[in-house]
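For reference, the chains in residue letters:
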Amino acid sequence: MNKTPASATSASIPPAIPPSAKKPMGQRIKEFVTDYKRQWEIQSMVLPGIIFMIIFCYIPIYGLTIAFKNYTVIDTLSTAPWVGLDNFRIILSDEYFWDAVINTLGISFLKLGVGFIIPIILAIMIYELNMGRFKKFVQTISYLPHFLSWIVLGGMLITWFSTSGLFNELLLNLGLISKPSNILLDAGKYWWIATLSDIWKEAGWGTILYLAIMAKIDPTYYEAARIDGAGRLRQIWNITLPNMKAIISLNLILTVSGLLGSNLDQTLVLMNSQNREKAEVINSYVYRMGMTQGDFSYATAVGLGVSIVSVILLLMANKVTSKLNDNQSVL
Amino acid sequence: MNQKVIREDLDSRIFDAVNKVLLVCFMVIILVPLWNVIISSLSSGRALAEGGFIFWSKEFSLENYRAVFNDSTIGQSFVVSVAKTFIGVITHVFFCAMIGYGLSKRYIRGRKLYVAMGVITMFFSGGMIPTYLLIKSLGLLNSFWVYIIPALFSYYDVVILMNFFRNVPDSLEESAKIDGAGDWHIFLKIFIPLSMPAMATIALFNGVGQWNDFMTTKLYITDQALYPLQMKLYEIIVQSQTQSMQNIGGSVVIETTTKGVQLATIVITTLPIVAMYPILQRYFISGMMLGAVKE
């Protein structure tokens, strides 16, 4: 990512104090109102968006205050009594919550560890293909699973893993097992099922951005490397990967900041009474506490705690990757 | 020197061969399970119970599809899915385009504040429970409009459209203004027709999202008449899972029928997306670039 010329120039010129800042408040408001009236037609296009954001984004953010209240069905948001940090204190001693945290982290780190690298490798492999038609075919097929919803894929996984399903059939035919079993009912394997099904669904889709970046690499780099006697792997290592550093970092930041918010749809469809202890993630726990048990304040407190940790993760990841990118923040 | 070139050429060929073989394996991993779902849905209940096939069904039968179409609630869910996707996409694209057009004008008063408000929505939200309480107090629970109204706006899409509108030459707007056209007229008659590629991209992404969305229903809808296909399928899945766990070794007939219905519903739920896929594909690559790669 190049620095935009605009930000480069604004950095060299000291920021001028806007003239309006010196004027008295009353005059500034008056000016704003006259301008607003003059621009009424164009303002009328933006206004619905502002109203929408206030209602659907900012009121729920204000609604987070119920995490510090004791909200019951008879109360409204403003009448519920304040309880300070009580809800957060209960969270710390709630073992179901900690189970959910461990599962969320376990699944997320598996997804991060395995799932982050695969699209990069896959993109390089597709990039290295020189046959136009096969390349297009591979791309078309690899994007396809992304368009299936988690409900559809969950339904598919349940049939694939059933005792008479594809998975057991394949293992039986290959002689790897002697008796079919349903691994979706095996709690110990759930983390891997969640991780691998996510990779199956999203790996191909994840290549699009990388392929777009690679298409912009100057081909003369490769010619020069070939003349110097660099093999294909060497070219990938010394040309392709360094050119993707910025976008990989950006992707890493976004993935890390989303670590705690792992897929609710996936959990809801794949979780069953047998694998619950290993399948419950924070989001599904919030759903269960809030929506099915009606403990709104407690569920909001859990959600708020997770959001705060996510923001901290985002900032940390940004710091680490900016070190890798010569101290330039990629955000 | 000559020998070196030959060796490099050989290395390169080996690389290509290995690369191709691995990618073919990757294709197999994606396609075989999908193919298996399709042929399984076209198998009789008895063949499904026995299992033992991967590529070709043992007993071809349409009984699963017949069972699905006999269930009138599935037809109704299909209508709900189509309606919410169609209405949702059109209103979403128009709403975002309108705001994006306004914000693309640098002279607009209060622009900095509006943009700041938008950016904050990308990183912070109230989360599940406060949003639920809001939807409840707005009276949107068990209303078709809960699919449409909260989904009207996305700041990501506004930014994409805003950047697209900026690339339209200013002179077009200026000459229209000289001819006495107002902002709305310019937006509707000049900018919208010129921005069809960007709008189509957003429409397609949003359409896939609407078609696949199931959390909205799960959170806000209890009225079965408003269930889209995804929610209907979810119910069938949950139902069949509890049944298969209760009847381990028990009633095989029920289990295989629900399995067949489940498979047929999966295929029906996915078909519209797969049918749209060739059209989708043309747009989504440029759409990804539009959204993600700036400068």
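Residues numbered from 1 in each chain as written. Chains lettered and ligands numbered in written order. Predicted model: local features only at pLDDT ≥ 70, side-chain atom pairs only at ≥ 80, totals over all residues. Heavy atoms only, no water.

### A short note on the overall build of chain B
Summing up its helical and strand segments, chain B has 13 helices and zero strands in all. Counting from the amino terminus, chain B carries its helices and strands in the arrangement α-α-α-α-α-α-α-α-α-α-α-α-α. Taken across its 295 residues, chain B has 49% of its residues classed as buried. Sequence separation of 24 or more characterises 70% of the internal contacts of chain B that already satisfy a separation of 6 or more. (Helix = DSSP H or I, 4+ residues; strand = E, 2+ residues; numbered from the N terminus. Buried < 20%, exposed > 50% of the residue type's maximum accessible area, 1.4 Å probe, protein only. Contact = heavy atoms within 4.5 Å.)

### Concerning the overall build of chain A
Of the regular secondary structure elements, chain A holds 18 helices and zero strands. Its C-alpha atoms give chain A a radius of gyration of 26 Å, clearly above 20 Å, the size a compact globule of 331 residues would have. On the principal axes, the C-alpha backbone points of chain A span a range of 80 × 65 × 40 Å. Accessible surface computed for chain A: about 16900 Å², of which carbon and sulfur atoms make up 65%. (Rg over C-alpha atoms; globule rule 2.2 N^0.38 Å. Areas by Shrake-Rupley, 256 points an atom, 1.4 Å probe, with all protein chains shown as cover.)

### Side note on the packing of aromatic side chains
For the structure on display, the rule yields 29 aromatic pairs over all chains. With a centroid separation of 5.7 Å and 80 degrees between ring planes, the pair formed by phenylalanine 144 of chain B and tryptophan 145 of chain B is classed as edge-to-face. When its relative accessible area of 18% is taken as the criterion, phenylalanine 144 of chain B is described as buried. Clustering of aromatic rings is evident, with ring pairs tying together Phe94, Tyr101, Phe165, Trp184, Phe187 and Phe191 of chain B. Lying over the aromatic face of tryptophan 191 of chain A, lysine 278 of chain A brings its terminal NZ or CZ to 5.2 Å of the ring centre. (Phe/Tyr/Trp six-rings, centres within 6.5 Å; stacked < 30°, edge-to-face > 60°. Lys NZ or Arg CZ within 6 Å of the ring centre and 35° of its normal.)

### So, the confidence of the model for chain B
Detailed conclusions should not be drawn from predicted coordinates in areas where pLDDT is low. In the predicted model, chain B carries a mean pLDDT of 85, and the fraction of residues at 70 or more is 87%. The ipTM for the predicted assembly is 0.87, set against a pTM of 0.85. (pLDDT = per-residue confidence, 0-100.)

### Description of the nonpolar core
Among the nonpolar cores identified, the biggest contains 176 residues, and Met156 and Tyr210 of chain A together with Leu23 and Phe187 of chain B are the most heavily contacted of them. Sequence-distant contacts of tyrosine 210 of chain A, defined by excluding residues within four places in its chain, comprise Phe116, Pro119, Ile120, Ala123, Met244, Ile247, Ile248 and Asn251 of chain A. (Core = buried A, V, L, I, M, F, W, Y, C linked by side-chain atoms within 4.5 Å.)

### Some words on the interface of chain B and chain A
In this assembly, 95 residues from chain B lie in contact with 94 residues from chain A. The interface formed by chain B and chain A contains three salt bridges. In this structure, aspartate 35 of chain A engages arginine 109 of chain B in a salt bridge whose closest nitrogen and oxygen atoms are separated by 2.7 Å. The tally of links between chain B and chain A comes to 21 residue pairs in polar contact (both at pLDDT 80 or more). In terms of residue count, helix H1 (residues 2-41) of chain B provides more of the side of chain B that touches chain A than any other element does, 18 residues in total. Looking at the side of chain B that touches chain A residue by residue, the classes come out as 63 nonpolar, 21 polar and eleven charged. (Salt bridge = Lys/Arg side-chain N within 4 Å of Asp/Glu carboxyl O. Polar contact = N/O pair within 3.5 Å; in protein donor to acceptor, adjacent residues only side chain to side chain. Nonpolar A, V, L, I, M, F, W, Y, C, P; charged D, E, K, R; others polar.)

### Description of unusual backbone geometry
Residue and element names in this part refer to chain B. The phi angle at asparagine 142 is positive, at roughly 55 degrees, despite the residue not being glycine. Along the chain, asparagine 142 turns up in the loop between helix H6 (128-137) and helix H7 (155-166). Among the residues examined, asparagine 142 registers a relative accessible area of 33% and is labelled partly exposed.

### Things to note about the side chain of threonine 269 of chain B
The topology assignment puts threonine 269 of chain B in helix H13 (residues 252-292). At 2.6 Å, the side chain of threonine 269 of chain B and the backbone oxygen of threonine 265 of chain B are in polar contact. Those residues in contact with threonine 269 of chain B that sit more than four places away from it in its chain are Val152 of chain A together with Trp211, Leu229, Gln230 and Leu233 of chain B.

### Observations concerning the pattern of salt bridges
Residue and element names in this part refer to chain A. Here the structure, examined in full by the defined rule, presents 14 salt bridges over all chains. In this structure, the salt-bridge partner of arginine 89 is aspartate 86, at a minimum N-O distance of 2.9 Å. Within this pair, arginine 89 and its partner aspartate 86 are both found in helix H5 (residues 86-92), separated by three residues, close to a single helical turn. Take arginine 89: its relative accessible area is 54%, and that puts it in the exposed class. Judged by its relative accessible area of 36%, aspartate 86 falls in the partly exposed class.

### A closer look at the environment of tyrosine 62 of chain A
In this fold, tyrosine 62 of chain A is placed in helix H4 (residues 40-63). For tyrosine 62 of chain A, a relative accessible area of 48% gives the class partly exposed.

### A few points about the environment of methionine 199 of chain B
All names here are of chain B. Within the element layout of this structure, methionine 199 appears in helix H10 (residues 196-212). The class of methionine 199 is buried, set by a relative accessible area of 9%. In this structure the C-alpha to C-alpha distance between methionine 199 and leucine 161, which are 38 residues apart in sequence, comes to 7.4 Å. Leave out the neighbours within four places in its chain, and methionine 199 touches Val93, Ala97, Leu161 and Ile192.

### Overview of the packing of H4 of chain A against helix H4 (residues 72-104) of chain B
Direction vectors running N to C along H4 of chain A and H4 of chain B enclose 120 degrees, while the axes themselves pass 8 Å from each other. Classed by the angle they form, the pair H4 of chain A and H4 of chain B counts as oblique. The handedness of the crossing between H4 of chain A and H4 of chain B comes out as left-handed. Along its contact with H4 of chain A, which presents Ile42, Met45, Val46, Pro48, Gly49 and Phe52 of chain A, the element H4 of chain B presents Phe95, Met98, Ile99, Tyr101, Gly102 and Leu103 of chain B. Here the contact of H4 of chain A with H4 of chain B is composed, by residue class, of ten nonpolar, two polar and no charged. (Axes fitted to C-alpha atoms, helices over the stretch in contact; angles between N-to-C directions. Parallel < 35°, antiparallel > 145°, perpendicular 65-115°, else oblique. Left-handed = near helix turned anticlockwise from the far one by under 90°.)

### Some details on the packing of helix H17 (residues 282-292) of chain A against H6 of chain B
Orientation of H17 of chain A relative to H6 of chain B, taken along the N-to-C sense of each, is 40 degrees, at an axis distance of 10 Å. Put simply, H17 of chain A runs oblique to H6 of chain B. For the element pair H17 of chain A and H6 of chain B, the recorded crossing hand is right-handed. Every residue of H6 of chain B that contacts H17 of chain A at Asn283, Val286, Tyr287, Gly290 and Met291 of chain A is listed here: Met128, Ile129 and Tyr132 of chain B. Each residue belonging to the contact of H17 of chain A with H6 of chain B can be placed in one class, and the counts come to six nonpolar, two polar and no charged.

### Notes on helix H18 (residues 296-324) of chain A
Residues separated by three or four positions in an α-helix point in the same direction, a consequence of the helix having 3.6 residues per turn. Between the first and last C-alpha of H18 of chain A there are 42 Å, a value that for 29 residues agrees with the 42 Å anticipated at 1.5 Å per step. Just downstream of H18 of chain A, aspartate 326 of chain A is the residue with a positive phi angle, here 55 degrees. (Expected span 1.5 Å × (residues − 1).)

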